[in-house]
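Per-entry structural report
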There are 2 protein chains.
Amino acid sequence: MNIAVLGTGMVGEAIASRLVELGHQVRMGSRSADNEKAQAWIAKAGSGASTGTFADAIVFGEVIFLATKGESSLDVLGAAGAEAVAGKTVIDVSNPLEFSSNGLPTLAISNTDSLGEQLQRRYPEARIVKSLNTMWCGLMVNPNLVAGGDHEVFVSGNDAEAKEQTKTLLRQFGWQDAHILDLGDISTARGTEMLLPLWLRVWQSTGVGAFNFKIAR
Amino acid sequence: MNIAVLGTGMVGEAIASRLVELGHQVRMGSRSADNEKAQAWIAKAGSGASTGTFADAIVFGEVIFLATKGESSLDVLGAAGAEAVAGKTVIDVSNPLEFSSNGLPTLAISNTDSLGEQLQRRYPEARIVKSLNTMWCGLMVNPNLVAGGDHEVFVSGNDAEAKEQTKTLLRQFGWQDAHILDLGDISTARGTEMLLPLWLRVWQSTGVGAFNFKIAR
């Protein structure tokens, strides 16, 4: 499948590399076509990897992973115009973190709204699915790295078909069905985005980022 | 030990009953001394149980559990004056939930502040510890009810001694040391209070409240 990964940071690279490994055609999108990180990635990624501008990648992808910084997500998804994302599944992995000069980041959007919902409102024809935003990127694409994969990935979105497409990709990453928890419509992204403040504090107190939340029941 | 439990709801009752069972002297505090729920509780609770006004209970307790609705917590803790809580460990189990006519509750305080911090600022001589606020009350006092107790309770507070006192009580409830995660100072209560929106959505999607979050690592 042709997949766009928007963002060249750790998260974008982890997802793009894993998708190539799984045999997908992957175009990593960045602000400029000659982005250094994208060029470094393509030098080591296998065949099936390509790079381009955000707009190039959006046009290329049947499915789009949004792995940008939260502050850029809304604009980046519109890089090729709203019509270019109409009907496409957009898996939003980003979080609306706001960094300040001191202390842990806060959320720029939270409680009564979420970045996932803002994306869906701005691009009503896109099929936004919030997922994978609650963990370190190494676990996103290889859940078995800790506790034998016995922990949860959440899925939020309005479109049932787009959520199925997302779950299919999650299974390819190694997620077991029992650990893919569909929370409901895109407004449930408020819950998963608001997990970030706790994620940051667990990471701060334990010094370990390779963990994930499990629902013990 | 003489312990106050402020609040007569499900949470207050679960904690007060368990403390009596463990052999503590427990005074349940409520707005009026003849509160019906408090009277119903004392009729079935064992010896060691007593009831009174919030002020009575605060004066009685060496340790205070704050199990009120979040909107009342700040005022209730001052029912006997600020000097009555000076030096005492206050275990704040409440959450700043704001209920609206439709949809899930939101948080009245979040992101850049927390109820735990507001309590500490309002009563600077009290030793506020945020804990147990991230789960159904049945699990607070009996973690073995699910997954053999293999899930987490968080602790946030500025005072090391008060946190140790809290951990001692958590152990009496059945929490294993490995599952008591000290996140740091009271500002880390932002993380645990912001878990509530996800808790509500997991509960909504699974229909089960008897679950808790585990850190899989």
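Right above here is the structure, for reference.
These lines cover the structure that appears in this document, whether it is placed above or below. All values derive from a computational prediction rather than experimental measurement. (Residues numbered from 1 in each chain as written. Chains lettered and ligands numbered in written order. Predicted model: local features only at pLDDT ≥ 70, side-chain atom pairs only at ≥ 80, totals over all residues. Heavy atoms only, no water.)

Focus: the pairing of strand β4 (residues 63-66) of chain B
Residues and elements named next belong to chain B.
- Of the two faces of β4, the one holding Val63 and Phe65 and the one holding Ile64 and Leu66 are both buried throughout.
- Of the pairings in the sheet, the one linking β4 to strand β5 (residues 89-92) comprises four bridges and is parallel in character. When the sheet's bridge partners are listed, Leu66 is paired in β5 with Asp92.
- As a crossover connection, the stretch from β4 through helix α4 (residues 70-76) into β5 is right-handed. (Buried < 20%, exposed > 50% of the residue type's maximum accessible area, 1.4 Å probe, protein only. Helix = DSSP H or I, 4+ residues; strand = E, 2+ residues; numbered from the N terminus. Pairing = 2+ DSSP bridges. Right-handed = clockwise from strand over helix to strand, strands pointing away.)

Comments concerning the environment of Ile180 of chain A
Residue and element names in this part refer to chain A.
- Mapped onto the elements, Ile180 comes out in strand β10 (residues 180-184).
- By relative accessible area, Ile180 is classed as buried at 11%.
- When sequence neighbours within four positions are dropped, the list of residues in contact with Ile180 reads Val153, Val155, Lys167, Leu170, Arg171 and Trp175. (Contact = heavy atoms within 4.5 Å.)

Looking at the interface of chain A and chain B
- Opposite the 34 residues of chain A that make contact, chain B presents 34 residues.
- With both chains or domains summed, chain A and chain B bury close to 2,800 Å², and 68% of this area falls on carbon and sulfur atoms.
- On the chain A side of the contact with chain B, Leu198, Arg201 and Ala216 of chain A bury the most area, a combined 20% of that side's loss.
- Across the chain A-chain B interface, the total number found is zero salt bridges.
- Our enumeration of links across chain A and chain B arrives at five residue pairs in polar contact (both at pLDDT 80 or more).
- Breaking the side of chain A that touches chain B down by element, the ones donating at least two residues are β7 (106-107), β10, α8 (189-193), α9 (196-206) and β11 (212-216) of chain A.
- With six residues, the top contributor of residues to the side of chain A that touches chain B is α9 of chain A. (Buried area = accessible area lost by both parts, 1.4 Å probe. Salt bridge = Lys/Arg side-chain N within 4 Å of Asp/Glu carboxyl O. Polar contact = N/O pair within 3.5 Å; in protein donor to acceptor, adjacent residues only side chain to side chain.)

Note that all results are geometric; they support no functional claim without further evidence.
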